[in-house]
Amino acid sequence: MLQTNLLYLFVILSLFWISLFECKQHHIRRNNADCFRNEYETFETSQRAGNNNKRNHPKNRNVLKQNDDEDISLWISEQQLKTLTALFFKQDYAHGRIYAIENGHVVNDIRDANLYKYITIPSEISYVNFTWKSGSKKYCYHFDRLETLDDSILKAPTLSIKAKGGVPKEKKNFSVFLPCTGNNSGTAMFNIGLSIQTRRGRQLPGTPVRLSFKKECAHKEPDPECNIKCGNNGYCNNQKICQCNPGYTGQYCQTAFCFPHCLNGGNCTAPSVCTCPDGYQGTQCEGGICTEKCLNGGKCIQKDKCQCSKGYYGLRCEYSKCVIPCKNNGRCIGTNLCRCPKGLGGDHCEIVRKQRSTCKKPCKHGECLPNKTCKCDNGFHGRFCNRKFRKPRQNKPVEFLN
């Protein structure tokens, strides 16, 4: 009797926890559905009547099939790029789009935090326009991080849309505003976080995205000496404020703009021109100069610093990790480990491996050539050298009887 009661109790508790779990899952699904409803109800209602009559047309079936392959995308449009680059580059520098999310995949560069350490948004840019669409699927977004790390220079970023809602099905634009306080000049850090979920509450792979940027704020005031101070890099407008030429920024257009920014202590001395310190080279001063050449496939990565290939070490990669040298043109790739040419084996490439025949059948008295034919030994012939030449018979001289 006691066992039966315990069994009933166990069943009741199990049903209770299952119903509690289902209730929680339903609550999550309902919350996620709320963020989509307003975005999609109007679109679906307007499209339903018109699509019923067109759905069976062959061309429309192809269009529907193509749309099924579309997924969420987020990008900076060509027009926005032209607007941004016109401030800093004399020629048409921008081509195409810059994607943050492309067809359901977060671009790898977006997740690389090192990419943003050197990016400073200049004072002339106060907002950035983005374009996005969800395609054939439905997604819920949430800008869960919009913060400034120095509110005396820069206010917290704001959006032209709600911080939380549904990603629109068709292409739509939204803006991220970067308002300077207007009281102080300087550079401030700010953070943006974006989380994207499916209608079932699953995170889009690669999200939440966490980005950190620097924003320059320049407090410009009318200056009676504007005509003199602007110099050759800008001109004085009607408000007695310097209007900078493409490629220059600052209150008096005294600072050249380089993008990507100069690395390793390089100075931006002209638009998109980096002057590198001793020991560095490249358009961004990203490459090193080594007084002595790196050996054994090593690469110079910083001033007098080599990045050695596998199996070598030293200031110039001059030392091998193989105590016994690799033989027969083998290459050291680790501690006493050699990479051998084809047909050789062993720790030091000292063993000659028997080559596997490429001919359909083994050459019985000969060797298989790369063209998959047999080269026969002397005295043999045939496709697989399996026939022996016969010696010609010698006729005996005829003896005549006297």
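Position numbers for residues count from 1 along each chain, tracking the sequence in the order it is written. Only residues with pLDDT of 70 or above have their local features reported here, since the model is predicted, and side-chain atom pairs are shown and tallied only from 80 upward, although totals for entire chains, interfaces and linings are computed over all residues. Side-chain numbers come from the whole structure's heavy atoms, not from hydrogens or water.

Engineer: Sorry if this is basic, but what is going on with the state of the cysteines here?
Structural biologist: The bond known as a disulfide is covalent and runs between the sulfur atoms of two cysteines. Throughout, a disulfide means two cysteine sulfur atoms within 2.5 Å of one another. What the rule picks out here adds up to 15 disulfides. Covalent S-S linkage joins Cys376 and Cys385, the inter-sulfur distance amounting to 2.0 Å. On the sign convention where negative is left-handed, the bridge of Cys376 and Cys385, at about -90° about the S-S bond, is left-handed. Taking the relative accessible area as the measure of exposure, Cys376 reaches 25% and is therefore partly exposed. The buried label applies to any residue whose accessible area, calculated with a 1.4 Å probe on protein chains only, is under 20% of its type's maximum; exposed applies above 50%, and partly exposed to all values in between. The class for Cys385 is buried, based on a relative accessible area of 0%.

Engineer: How should I be thinking about the sheet that holds strand β1 (residues 73-76) in this particular structure?
Structural biologist: Strand pairing in a sheet relies on backbone hydrogen bonds. The paired strands run either parallel or antiparallel. Strand pairing follows a simple DSSP-based rule, namely that at least 2 bridges must link the two strands. The helix and strand labels rest on DSSP assignments: H or I over at least four residues marks a helix, E over at least two residues marks a strand, and numbering proceeds from the N terminus. Read from one edge of the open sheet, six strands run β3-β2-β1-β5-β9-β7, paired in antiparallel fashion. Two strands bound the open sheet, and with one partner strand each, they are β3 (105-106) and β7 (158-159). Note: strand β2 (residues 98-102) against β3, two bridges, orientation antiparallel. Bridge pairing in β3 links Ile101 to Val106.

Engineer: Please clarify how the sheet that holds strand β6 (residues 139-148) should be interpreted in this entry.
Structural biologist: Pairing within the open sheet is mixed, and its five strands lie in the order β4-β11-β10-β6-β8. The strands lining the two open edges of the sheet, one partner per strand, are β4 (120-121) and β8 (164-166).

Engineer: Can you help me understand the environment of Pro341 in this one?
Structural biologist: Counting through the fold element by element, Pro341 comes out in the loop between β25 (337-339) and β26 (344-345). Pro341 sits in the partly exposed class, given a relative accessible area of 28%. Residues Pro341 and Arg331, ten residues apart in the sequence, show an inter-C-alpha distance of 8.6 Å. We call two residues in contact whenever any of their non-hydrogen atoms come within 4.5 Å of each other. Among all residues touching Pro341, those that are not within four sequence positions of it are Asn328, Asn329, Gly330 and Cys349.

Engineer: Whenever I open this one, a positive patch on the surface confuses me. Can you help?
Structural biologist: Excluding any residue in a salt bridge, patches collect residues exceeding 30% relative accessible area, merging like charges within 9 Å and nonpolar Val, Leu, Ile, Met, Phe, Trp and Tyr side chains within 5 Å. Residue burial considers only the protein chains on display, and all accessible areas are found by Shrake-Rupley using a 1.4 Å probe. The term salt bridge refers to a pairing of a side-chain nitrogen on Lys or Arg with a carboxyl oxygen on Asp or Glu at a separation within 4 Å. Under this rule, positive means Lys or Arg and negative means Asp or Glu; His and the chain ends count for nothing. Taken as the charge centre is NZ of Lys, CZ of Arg, CG of Asp or CD of Glu, depending on the residue. Together, Lys360, Lys361, Lys372 and Arg383 line one region of the surface with positive charge. For Lys360, the location among the structural elements is in the loop between β27 (351-352) and β28 (366-368).

Engineer: When you look at the pairing of strand β9 (residues 172-177) in this model, what are you seeing that I'm missing?
Structural biologist: Pairing analysis gives six bridges linking strand β5 (residues 127-133) to β9, with the strands arranged antiparallel. Residue pairing across strands places Val128 opposite Val176, the latter belonging to β9.

Engineer: Which parts of the structure should I look at to understand the confidence of the model for the protein?
Structural biologist: Caution applies to low-pLDDT regions: their predicted coordinates should not be interpreted in detail. Here the protein averages 77 in pLDDT, and 71% of its residues register 70 or above. pLDDT measures how confident the predictor is about each residue, on a scale from 0 to 100. A low-confidence stretch, residues 39-69 stays under pLDDT 50, and its non-local contacts, those more than four residues away or across chains, total 21 contacts.

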